[in-house]
Amino acid sequence: MALSQAYSEAGDGLKRERLTLVQCRTTVDFAKLAAEFALADNRAGVLKALERARCVCATLKDYQVLISAVVSLLNDPEVATILAFETMFTLKSSGDQAQMADYCHRYLRDRSLALQLYRSAANFCECVEELAGVAEMVVHELGDLEAGREILQRARRRATDHGSCIFLARKVLAITGDTVLADLLLLRAGDLATAPEEMIVTATELVTKINNRAGAWVCLRRAEETATTRESLKMLMLAVLTLLDDEAWHEKLARKIEIRSRCSEQYAHFYQKEKRAKSCYCFVILAQEVYQSVQDHDYCRCLYQKAYTRAQTFQQKIKVVEGVARYLKDLQWLEVMLHELLRECEDIVKVDAAVALMMAYLPGGKKRARKVYTGLEKNCVGCRCYLRLAHSVLVSLGDQQLGRTLYRRAEEAACTQMELLMLTQSIEDELGDGGWVQSLFRRALQLCRNGGEFAILAQAVAKSRFGSAQLADHIRQRAEAVLYLPQEQKLFARIFYYLFPDQGAVESDAINLRTTAVQFHDQAMSL
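Rules of the game
- Residues numbered from 1 in each chain as written.
- Predicted model: local features only at pLDDT ≥ 70, side-chain atom pairs only at ≥ 80, totals over all residues.
- Heavy atoms only, no water.
- Helix = DSSP H or I, 4+ residues; strand = E, 2+ residues; numbered from the N terminus.
- Expected span 1.5 Å × (residues − 1).
- Buried < 20%, exposed > 50% of the residue type's maximum accessible area, 1.4 Å probe, protein only.
- Contact = heavy atoms within 4.5 Å.
- 1 Å grid on protein atoms, 1.4 Å probe; cavity = no way out; pocket = protein on both sides within 12 Å on 5 of 7 lines; lining within 4 Å.
- Points joined across faces, edges and corners; volume = space filled by probe spheres on them.
- Nonpolar A, V, L, I, M, F, W, Y, C, P; charged D, E, K, R; others polar.
- Salt bridge = Lys/Arg side-chain N within 4 Å of Asp/Glu carboxyl O.
- Axes fitted to C-alpha atoms, helices over the stretch in contact; angles between N-to-C directions.
- Parallel < 35°, antiparallel > 145°, perpendicular 65-115°, else oblique.
- Core = buried A, V, L, I, M, F, W, Y, C linked by side-chain atoms within 4.5 Å.
- pLDDT = per-residue confidence, 0-100.
- Phe/Tyr/Trp six-rings, centres within 6.5 Å; stacked < 30°, edge-to-face > 60°.
- Lys NZ or Arg CZ within 6 Å of the ring centre and 35° of its normal.
- Patch = residues over 30% accessible without salt bridge, like charges linked within 9 Å, V, L, I, M, F, W, Y side chains within 5 Å.
- Areas by Shrake-Rupley, 256 points an atom, 1.4 Å probe, with all protein chains shown as cover.
- Lys, Arg positive; Asp, Glu negative; His and termini not counted.
- Charge placed at Lys NZ, Arg CZ, Asp CG, Glu CD.

A word on helix 13 (residues 196-210)
Quick reminder: α-helices carry 3.6 residues per turn. Residues three or four places apart thus point the same way.
Alright, step 1. For helix 13, with 15 residues, the first-to-last C-alpha span of 20 Å sits near the 21 Å given by 1.5 Å per residue.
Alright, step 2. Taken residue by residue, helix 13 has Pro196, Met199, Ile200, Thr202, Ala203, Glu205, Leu206, Val207 and Ile210 as its buried positions.
Alright, step 3. Here the buried face of helix 13 lies against helix 11 (162-175), helix 12 (179-192), helix 14 (213-226) and helix 15 (230-244).

Listed below in structure tokens is the structure:
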């Protein structure tokens, strides 16, 4: 039913007003009704209609209609400003808030409120493109360069890939002309670039827009390392000549292209293999084949880089590092990869593998390795940890002094018989220090509490080349004093008797050992 018809059907003014308010559903309806009330000079009706309109506002268009009605019907810019401010909390789209900011600036002439709305719109932006759009509106509509830079800085933190960095750098130059921020973005784009084409684009932007030839040089060097096809090399050669005017580099690339053209069949075979390669080992094997066939260091480097990015286990990474060390002999890259490997090492075996490569290929490798091992000492907890580290130091470095220091730490940390016996075995094998071994045996003897522990100690003494009749006799005497169960005495007597035969000992010691063993055996049998 039309609003005019509703007026004609109602007799009472108040009833007419209520009826028409009930029939309205949208903000536009209420705004039209408020206009009709204004024509009838019914200010109370205008206020009621606009209040109802405010209650149903949900979209940008609703708020624009309501604000226009408030300004035109009530001539109250303060209320209009309050309604516009309200949109910062009701509109959830960056585009809607940015349009509302533009509306406030053009229609309400409120620059401060417009800036607040633009900043609020930036909070709802989900990507770099949206933030750049808001910054552009702030600068072009409000002329506020500082606020535009602030929003662009927020966009810089969101730029996490090559494409977004390039896009934002161009926008920064177009909006604010800030070459410092654009330079930072382009350098980040160069770091994030993965394909040689992306690096060439970045270098072009650096030279043509910022005149940063040093940054462009870095990008083009990286492009050379990753360029594998003749097409990408030709693009690189043109960029080197036009951007850097480096004739020597240009000639080097020309020779490289010539070699690849001359060995086109081999490279076609390599490219096919590279396309089919999926795993780390496939790229490692292909890099070895390339080196042995054409000795193309740049192509090998590219393949090893792809292999390293696909390496998921420590063994795979070690294979890549071995290839780089053996074929490329790039000490700087090798050092970086070895340090990364050492940070990932979870046990001493992996550390030993990385240290072996360090000592084999890096200058001052032994000194570097010693620094690695001494750095691990502060992380050792318990006897076994010191024991493993000491073994690695002695085997890898042959450093007797550091090995002894670590064995002393292990001795201080040892608190069980088993740890002491492991320590005696390692010291005997690695250092051959008989006095130290016997001292540890005596300490282990003091920890024996049952027949099994006495038997284990006796077996260790019998196997040791530093065992003696005197030490064996101490074990027997200690066992006689501690063991009181007949079964334990019989078992230990049998073990003791058979552990110390005549062979392998000084004859007098052997006779004494056998005699004491038999006596102890007979004594146990009589129980």
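Some points on the layout of surface pockets
Alright, step 1. Roughly 480 Å³ of volume is contained in the largest pocket.
Alright, step 2. Taken together, 21 residues line the largest pocket, and the ones lying closest to its centre are Ile348, Val351, Val372, Leu376 and Asn379.
Alright, step 3. At the level of secondary structure, the elements contributing two or more residues to the lining of the largest pocket comprise helix 21 (331-344), helix 22 (348-361), helix 23 (365-377) and helix 24 (383-397).
Alright, step 4. Top contributing element to the lining of the largest pocket by residue count: helix 23, with 5 residues.
Alright, step 5. Looking at the second largest pocket, it is lined by 19 residues, and the ones nearest its centre are Thr194, Met199, Thr226, Gln305 and Lys306.
Alright, step 6. Mapped by element, the contributors of at least two residues to the lining of the second largest pocket are helix 12, helix 13, helix 14 and helix 19 (297-310).
Alright, step 7. In terms of residue count, the dominant contributor to the lining of the second largest pocket is helix 19 (4 residues).
Alright, step 8. Split by residue class, the lining of the second largest pocket holds 6 nonpolar, 7 polar and 6 charged.

Re the pattern of salt bridges
Alright, step 1. If you walk through the whole model with that rule in mind, you get 23 salt bridges.
Alright, step 2. Of the charged contacts in the structure, one is a salt bridge between Glu480 and Arg476, with a shortest N-O distance of 2.6 Å. Of this pair, Glu480 and Arg476 both sit in helix 29 (residues 469-482), 4 residues apart, which is roughly one turn of the helix.
Alright, step 3. Bridged by salt links that share partners, the residues Arg221, Glu224, Lys252, Lys256 and Asp298 form one connected network.

Section: the packing of helix 25 (residues 400-413) against helix 27 (residues 434-446)
Alright, step 1. Where helix 25 meets helix 27, the axes come as close as 13 Å, and the angle between the chain directions of the two elements is 10 degrees. For the element pair helix 25 / helix 27, the angle class is roughly parallel. Contact residues: Arg404, Tyr407, Arg408 and Glu411 in helix 25; Trp436, Leu440 and Arg443 in helix 27.
Alright, step 2. Classifying every residue of the contact of helix 25 with helix 27 by side-chain character gives 3 nonpolar, no polar and 4 charged.

What about the nonpolar core?
Alright, step 1. By size, the foremost hydrophobic cluster in this structure holds 85 residues, and its most contacted members are Tyr304, Leu338, Tyr407 and Leu457.
Alright, step 2. Contacts of Tyr407, omitting those with residues within four sequence positions, involve Leu387, Ala390, His391, Leu394, Leu423, Ser426, Ile427, Glu430, Leu431 and Trp436.
Alright, step 3. One finds Ala80, Ala147, Ala189 and Met199 within the second-largest nonpolar core, a separate group that totals 80 residues.

Concerning the confidence of the model for the protein chain
Alright, step 1. Per-chain confidence: the protein chain averages 81 in pLDDT, with 89% of residues scoring 70 or above.
Alright, step 2. With pLDDT under 50 throughout, residues 1-16 is counted as low confidence; its partners more than four residues away or in other chains account for 15 contacts.

Comments concerning the packing of aromatic side chains
Alright, step 1. Evaluation of the coordinates by the stated rule reveals 10 aromatic pairs.
Alright, step 2. Between the aromatic rings of Tyr267 and Phe270, the centroid separation amounts to 5.7 Å while the plane-to-plane angle is 85 degrees, which identifies the pairing as edge-to-face. On the criterion of helical spacing, the pair formed by Tyr267 and Phe270 is a turn pair, its members being 3 residues apart in helix 17 (residues 264-276).
Alright, step 3. Here the aromatic rings of Phe270 and Tyr299 are separated by 6.4 Å at their centres, their planes lie at 55 degrees, and the arrangement is tilted. With Phe270 in helix 17 and Tyr299 in helix 19, this pair connects stretches of sequence that are 29 residues apart. Neither residue differs from the other here; Phe270 and Tyr299 are each classed as buried.
Alright, step 4. Counting every residue linked through ring pairs, the aromatic cluster contains Tyr267, Phe270, Tyr271 and Tyr299.
Alright, step 5. Arg221 extends its terminal NZ or CZ atom over the ring of Trp249, reaching a point 3.9 Å from the ring centre.
Alright, step 6. A cation over an aromatic ring shows up here: Arg408 above the ring of Trp436, its NZ or CZ 3.8 Å from the ring centre.

What about a negative patch on the surface?
Alright, step 1. Taken together, the side chains of Glu126, Glu129, Glu130 and Asp161 present a region of like negative charge at the surface.
Alright, step 2. Tracing the chain through its elements places Glu126 in the loop between helix 8 (111-123) and helix 9 (128-142).
Alright, step 3. Residue Glu126 is classed as exposed on the basis of its relative accessible area, which comes to 70%.

Observations concerning unusual backbone geometry
Alright, step 1. A positive phi is found at Asp245, a non-glycine position, where the angle reads about 55 degrees.
Alright, step 2. Relative to the assigned elements, Asp245 resides in the loop between helix 15 and helix 16 (247-262).
Alright, step 3. With a relative accessible area of 54%, Asp245 lands in the exposed category.
Alright, step 4. Despite not being glycine, Lys329 shows a phi value in the positive range, around 55 degrees.
Alright, step 5. Here Lys329 lies in the loop between helix 20 (314-328) and helix 21.
Alright, step 6. Taking the relative accessible area as the measure of exposure, Lys329 reaches 56% and is therefore exposed.

Focus on the packing of helix 27 against helix 28 (residues 451-463)
The angle between the axes and the distance between the axes are what describe a pair of packed helices.
Alright, step 1. The contact between helix 27 and helix 28 brings their axes to 10 Å, and the two run at 170 degrees. The angle between helix 27 and helix 28 places the two elements in the roughly antiparallel class. On the side of helix 27, the interface is formed by Phe441, Ala444 and Leu445, while helix 28 contributes Phe454, Leu457, Ala460 and Val461.
Alright, step 2. Within the contact of helix 27 with helix 28, the residues separate by chemical class into 7 nonpolar, no polar and no charged.

Some details on helix 20
Alright, step 1. The end-to-end C-alpha distance of helix 20, which contains 15 residues, comes to 20 Å, matching closely the 21 Å that a straight helix rising 1.5 Å per residue would cover.
Alright, step 2. Within helix 20, 11 of the 15 residues are buried, leaving the element largely enclosed by the surrounding structure.
Alright, step 3. Listed as buried for helix 20 are Phe314, Gln316, Lys317, Ile318, Val320, Val321, Gly323, Val324, Ala325, Tyr327 and Leu328.

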